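Breakdown of the fold
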Amino acid sequence: KIAIKVSWKRSRSTVEKECQILRTLEKSGVPHVEKCIGPPNEYRYEDGRVMIALTPVVESPRGITSSIQYVDSGNAQQIAAKCVVETMVGMLRANIITLDV
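Residues numbered from 1 in each chain as written. Predicted model: local features only at pLDDT ≥ 70, side-chain atom pairs only at ≥ 80, totals over all residues. Heavy atoms only, no water.

Among the structural elements, S7 can be located in the loop between β1 (3-6) and α1 (12-27). Judged by its relative accessible area of 1%, S7 is buried. Setting aside chain neighbours within four positions, we find S7 in contact with R12, V15, R49 and V50. (Helix = DSSP H or I, 4+ residues; strand = E, 2+ residues; numbered from the N terminus. Buried < 20%, exposed > 50% of the residue type's maximum accessible area, 1.4 Å probe, protein only. Contact = heavy atoms within 4.5 Å.)

Listed below in C-alpha cells is the structure:
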C-alpha cells in the first residue's frame, strides 16, 4: 500500500522538500521513517501542484492514523512510542532536526 500526498499551490515547495528530507533520512539510516517513492510528480488536475508517493501506510481500527494517541493502548502503543524515540535519536545522530512534529 502507498499513500499519495498532493500539495496545495502554496505548499508545493514544502511537499517537494519533504520528499528530499525523507530520502536524506533513509540514506542516513534513520529508523522507522516512511519512504518517498520516486520524484515528486505534477498533479495533472490543477496546475502548480505536485504529488508524492509514500510508504509504508499503517492502518488501525480507526482507519489510517498519523497520531500515536489513536494507536490502541497496550503493547502496540508501547512499540509505537519506542519507535518514535528511536527515530528522534537516529535524526540527532544524523545531525537532522525537525520543527514539524
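Picking up where we left off.
Take the state of the cysteines next. In total, this model carries one disulfide according to the counting rule given. Paired through a disulfide, C19 and C36 show a sulfur-sulfur distance of 1.9 Å. Negative torsions about the S-S bond denote left-handed disulfides, and the value of about -95 degrees found for C19 with C36 makes this one left-handed. Taken together, the positions of C19 in helix α1 and C36 in strand β2 (residues 35-42) put the pair 17 residues apart, joining distant regions of the chain. The class for C36 is buried, based on a relative accessible area of 7%. (Disulfide = S-S within 2.5 Å.)

Geometrically, the link from T55 to P56 is a cis peptide bond, its omega value of 0 degrees lying close to zero. Mapping P56 onto the fold places it in the loop between β3 (50-55) and β4 (59-60). Residues other than glycine seldom take positive phi values, yet H32 does so here, at roughly 65 degrees. Structurally, H32 can be placed in the loop between α1 and β2. If you check the backbone angles, N95 has positive phi at about 60 degrees while not being a glycine.

Judged by nonpolar contacts, V15, C19, L22, L25, V30, V33, C36, V50, I52, L54, M91 and I96 together constitute the single largest core of twelve residues. Among the elements that make up this core, the one with the highest residue count is α1 (four residues). Contacts of C19, omitting those with residues within four sequence positions, involve C36, G38, P40 and I52. (Core = buried A, V, L, I, M, F, W, Y, C linked by side-chain atoms within 4.5 Å.)

A word on the environment of C36. Linking C36 and E18, residues 18 residues apart in sequence, is a C-alpha distance of 8.5 Å. Every residue in contact with C36, bar those within four places of it in the chain, is listed here: C19, L22, R23, I52, A53 and L54.

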